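A closer look at the structure
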Amino acid sequence: MMTDTEIDAMAMSSGNSSLGDAASAGGQSMSNEDDGLYYIPERRPSLDLGPTPMDTSHWYYVEQAVSPALSYRSMTSDENADNMDLNYGSSTSVHLNRTDSYSSCYSLDSDDCEKRIPKVKSKDDTVSDPSDTPVLIQDSNEIKHPSLTVAFTFKAICKTLGKLSEGDMKRFKEMLWKHYPQSFNTPPQNMDMVDLVDRLLEYYNLERSLQITKTLLEEIGKKKMVDFLQTLCIQNEVRYDLSETLKRKYGEVCEAEGVNTQGEMRPFHDVFTKLNITATCNNGPNIDHEVMTIQKLDSNRKAGKLLSIKDIMSAERLEESGTKLLLITGVAGSGKSMVVRKLIFDWIEEQSHQYVSFLFLLPFRELKQFEGAKVSLLEIIHKLYPETKKLRDDNYRSHDCTMLFIFDGLDEYNGKLDFDNTELLCDHTAPTSLNVIMVNIIRGRLMYHGLSVITSRPQVKRCIPWDTHYDEIDVRGFCDPEKDEYFKKRFKNPDHAARVIEYINSFKTLRIMCHLPLFCSLVADVCQRMFREQGPQAELPRSITFMYTKLLLALMRQHRVFRAPDLSPDNERDFLMKLGKLAFNMLEQGMFKITRSDWKEVGISEEEAVINSGLCTQYITKPYVLVQEKVFSFIHPTMQEYLAALYAFLSFRNQGKNIFDQHLKDKLSWMFKVQKAMEMYKSAVDRSLLCEDGKLDIFLRFLFGMANKSNLELLKPFCTSSVKWPTVIEDATTLIRKRIRENQYPGRNENLQRCLEELGVQEVASL
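Residues numbered from 1 in each chain as written. Predicted model: local features only at pLDDT ≥ 70, side-chain atom pairs only at ≥ 80, totals over all residues. Heavy atoms only, no water.

Secondary structure assignment for the chain yields 29 helices and 13 strands. Here the chain holds 767 residues, and the buried ones make up 53% of them. In the chain, 75% of the contacts between residues at least 6 apart in sequence involve partners at least 24 apart. Carbon and sulfur atoms make up 49% of the accessible area of the chain, which totals about 36,900 Å². (Helix = DSSP H or I, 4+ residues; strand = E, 2+ residues; numbered from the N terminus. Buried < 20%, exposed > 50% of the residue type's maximum accessible area, 1.4 Å probe, protein only. Contact = heavy atoms within 4.5 Å. Areas by Shrake-Rupley, 256 points an atom, 1.4 Å probe, with all protein chains shown as cover.)

Here we come to the nonpolar core. Core analysis: the largest hydrophobic core is formed by 175 residues, its most contacted members being Phe487, Leu643 and Tyr681. It is helix α24 (residues 637–655) that contributes the most residues to this core, 11 residues altogether. Sequence-distant contacts of phenylalanine 487, defined by excluding residues within four places in its chain, comprise Ala497, Val500, Ile501, Ile504, Cys514, Cys520, Val523 and Ala524. Among the nonpolar cores identified, the runner-up in size contains 35 residues, and Met169, Tyr180, Ile220 and Leu232 belong to it. (Core = buried A, V, L, I, M, F, W, Y, C linked by side-chain atoms within 4.5 Å.)

Moving on: the packing of aromatic side chains. A full pass over the atoms with the stated rule returns 23 aromatic pairs. Note on phenylalanine 360 and tyrosine 385: the rings are 5.8 Å apart at their centroids and 50° apart in plane angle, and the pair reads as tilted. Here the residue phenylalanine 360 occupies a position in strand β8 (residues 358–361), and tyrosine 385 occupies one in the loop between α14 (377–384) and β9 (403–408), the gap between them amounting to 25 residues. On the basis of relative accessibility, which here comes to 0%, the residue phenylalanine 360 falls in the buried class. Aromatic side chains phenylalanine 584 and phenylalanine 699 sit 5.8 Å apart centroid to centroid with 45° between the ring planes, which places their arrangement in the tilted category. Taken together, the residues phenylalanine 584 in helix α21 (residues 569–588) and phenylalanine 699 in helix α26 (residues 697–705) connect sequence positions 115 residues apart. Of the two residues examined, phenylalanine 584 and phenylalanine 699, each falls in the buried class. By the ring-pair criterion, three or more aromatic residues cluster together here, those being Phe358, Phe360, Tyr385 and Phe405. (Phe/Tyr/Trp six-rings, centres within 6.5 Å; stacked < 30°, edge-to-face > 60°.)

Attention now moves to the environment of glycine 603. As for its position among the elements, glycine 603 is in the loop between α22 (596–602) and α23 (606–612). Assessed through its relative accessible area of 46%, glycine 603 is described here as partly exposed. The spacing of glycine 603 and lysine 578 is 25 residues in sequence and 7.5 Å in space, taken between C-alpha atoms.

This part is about the sheet that holds strand β11 (residues 471–475). Judged by pairing direction, the sheet is mixed, and its 7 strands sit side by side in the order β6-β5-β11-β7-β10-β9-β8 without closing on themselves. Edge positions in the open sheet fall to β6 (306–307) and β8, since each of these has one partner strand only. The pairing of strand β7 (residues 325–329) with strand β10 (residues 451–456) spans 5 bridges and is classified as parallel. Opposite leucine 325, over in β10, you have serine 452 as the bridge partner. (Pairing = 2+ DSSP bridges.)

This part is about the packing of helix α6 (residues 166–179) against helix α7 (residues 193–203). With their axes 13 Å apart at the nearest point, α6 and α7 run at an angle of 25° to one another. Taken together, the axes of α6 and α7 lie roughly parallel to each other. Where α6 crosses over α7, the handedness of that crossing is left-handed. Residues Met169, Phe172, Lys173 and Leu176 of α6 lie in contact with α7, whose contacting residues are Met193, Leu196 and Leu200. Residue composition of the contact of α6 with α7, grouped by class: 6 nonpolar, no polar and 1 charged. (Axes fitted to C-alpha atoms, helices over the stretch in contact; angles between N-to-C directions. Parallel < 35°, antiparallel > 145°, perpendicular 65-115°, else oblique. Left-handed = near helix turned anticlockwise from the far one by under 90°. Nonpolar A, V, L, I, M, F, W, Y, C, P; charged D, E, K, R; others polar.)

Helix length check: helix α17 (residues 494–505) (12 residues) gives 16 Å between terminal C-alpha atoms against 16 Å at 1.5 Å per residue, within 8%. Every buried residue of α17 is listed here: His496, Ala497, Val500, Ile501, Tyr503 and Ile504. Angular distribution of buried residues about the axis of α17 spans 160°; they occupy a single face of the element. Away from its buried face by more than 90 degrees, α17 exposes Pro494, Asp495 and Glu502. Where α17 is buried, its residues meet α16 (480–490), α18 (508–513), α19 (517–534) and α20 (544–558). (Expected span 1.5 Å × (residues − 1). Arc of directions from axis to C-beta.)

The terminal C-alpha atoms of α6, which comprises 14 residues, lie 20 Å apart, in line with the 20 Å expected from a rise of 1.5 Å per residue. Among all positions of α6, only Asp168, Met169, Phe172, Lys173, Met175, Leu176, Trp177 and His179 are buried. The inward-facing, buried residues of α6 contact α5 (150–161), α7 and α8 (206–219).

In the predicted model, the chain carries a mean pLDDT of 81, and 77% of its residues have values of at least 70. Segment residues 1–84: pLDDT under 50, and 129 contacts once partners within four positions in sequence are set aside and those in other chains are kept. Between residues 670–675, whose pLDDT stays under 50, and residues either more than four places distant or in other chains, the model counts 11 contacts. (pLDDT = per-residue confidence, 0-100.)

So, on to the pairing of β7. Counting buried residues along β7, 5 of its 5 residues qualify, which places the element largely inside the surrounding structure. Relative to β11, β7 runs parallel, the two being bridged by 4 bridges. Bridge assignment links threonine 329 to a residue of β11, and that residue is aspartate 474.

Packed helices, taken two at a time, are described by the angle between their axes plus the distance between the axes. Here α5 crosses α8 at 10°, and the two axes come no closer than 10 Å. On the basis of the axis angle, α5 is roughly parallel to α8. Packed against α5, whose contacting residues are Val150, Thr153, Ile157, Thr160 and Leu161, the element α8 presents Leu206, Ser209, Leu210, Thr213 and Leu217 at the interface. Taken together, the residues that form the contact of α5 with α8 break down as 6 nonpolar, 4 polar and no charged.

For the rest of this paragraph, the subject is the pattern of salt bridges. Counted according to the given criterion, the structure contains 39 salt bridges. Its salt-bridge partner being glutamate 608, residue arginine 560 comes within 2.2 Å of it at the nearest N-O pair. Highlighted residues: arginine 560 in the loop between α20 and α21 and glutamate 608 in helix α23, separated in sequence by 48 residues. Assigned by exposure class, arginine 560 and glutamate 608 land together as buried. Glutamate 713 is the partner of lysine 716 in a salt bridge, and the nearest nitrogen-oxygen pair spans 3.4 Å. (Salt bridge = Lys/Arg side-chain N within 4 Å of Asp/Glu carboxyl O.)

Dropping the structure here:
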């Protein structure tokens, strides 16, 4: 026997059963045509209920609904009632399962639970003849699309009916009662929209519910509402197919770094690591350093607010700023493309940016196929995403259909963005050049209702005109905890990950430089290869120079090919020598900012240094009120030190020139390179020991590391001399040990020992 408490609970549940029934009743409902001729008998009074404060004789028991993943009530809760935006049933949409059962219509203890008693029709009941039921609007070739879910269907019908006037809604209910009375116990005139759609989905399957809605709207003369509902269904299908295409194209990431490298493909979520994104731009390079304390290079007075992926072009930020264009900048290898991919997957998985109807990733690497051709923006979209051909022209112009275009890698675009003389373009179907399309998108003329995100390395010329309203954020790479997280995700074997983390922690410079995801990837590639070749106990390289040389080659060759034609060996060497000379001169003066006059003095193209090679970066400082200054720096102070060491090394290797000896002008000095090599290293060591601030310490490590056999192999393309240095390691080791024993500079002995590690000499205990 049931207690009063249980009965009260039933009553409360019964009071709200209009929505719960839909979650528990059968989606296919009654299949027999005469099911509507039966009614459910009144619940007989239960025995011995005991004293009760209220009359319960008129209550009915409704079996508790199967707990749904998402109830209709939650779909129309107060917080969502004002914004009935559609979650276009992606593959991750919630599907509501409804059990095929009549048990919810019977009382728990009735003897008549299994009986169906014929329903006695009254004079007022009007049941349509089969001939009165209208022919449903449907496509005979239509196959249920996987995007069609209960959640979408419910919201689509509600959104459509919500546009009807009160009178039209009344007529719709009359037609529904006239043609489909079996769906209702009483005329639906007093039912609110939620209960009405709830009942419709309870009794009919999803496709039939949509067909009935469209047919009745047509019957009451609301053809535009039929088109509106049909458009919602098409958009839902396109969004689903677009999501599948994006997942297929960008759902996996190649672990190994390099253009032609055949690395293992891993799911994006398995390798993505949180990135440091700041709302403040023009931050300059990371200036953390193992030895020196470098004065702040940028002029930002406040630290930038940290942003998550969800904050990028969020509805809140758009409402605050009113901008439709966002520029994402960052130095080479800082993780800009990974930010874009994370944004895409958050949209696909409905984690963020659900106000966006369609999201199109348009990398400039793929857009290059349209250079030199007459093409419209619509043709580009259809070419890269064929499923969008279903969309109607109105979808591209509607306020209700928000499109987000992501142009990844503006620094890879070779076209000239002329914002003053380029023709005006507002029609997305008009054929024109890719340059005209890009200028008008940035200007906000093309796809006026759309949103655009552009990623780029810091540009030499401002890629956005001064009179364009836009927002800008800066991707800074990894913070310290994320460096460890990256390697834990990258290595499936936890022991390998632990060894690599221990390895980078043993070199503070490596640890600092791992703020760049590209550098982390290069370190992981090297360690992974050594584990594969030598086993779990492989000896990892004890040279930071080797890793920096890997980074140099990745930027100068593997990543450069997307931005500019390959340089000839002579031009490549000449560029590095000029940039290295500038780096060395600045290092001796303790400078880390490059001025325009510096570029002119050494004869280097700003575009080559910042855009094509990625070895330098650009930012704006404000030294005075209303005064802006364009500043250049190397992507990190240690990269400046590396290039300075490379300049010193190649000057001696190729030309026999000791840059520390300004009086060495013997044209035939190249004949005595073997004998003179130690003179250069001796000069470098002595110069370094004289610098109390340690400004040449890391430079010295790089210079010795370049003599190591493994580094010489990597640097071979830059060496023009075939002269061998057979005893350079032994001679350099002897020189360093001698300086340590002399102990004239006790505080500098640790750096000299690090130089021995760069040479591959490990036994330093005897020193």
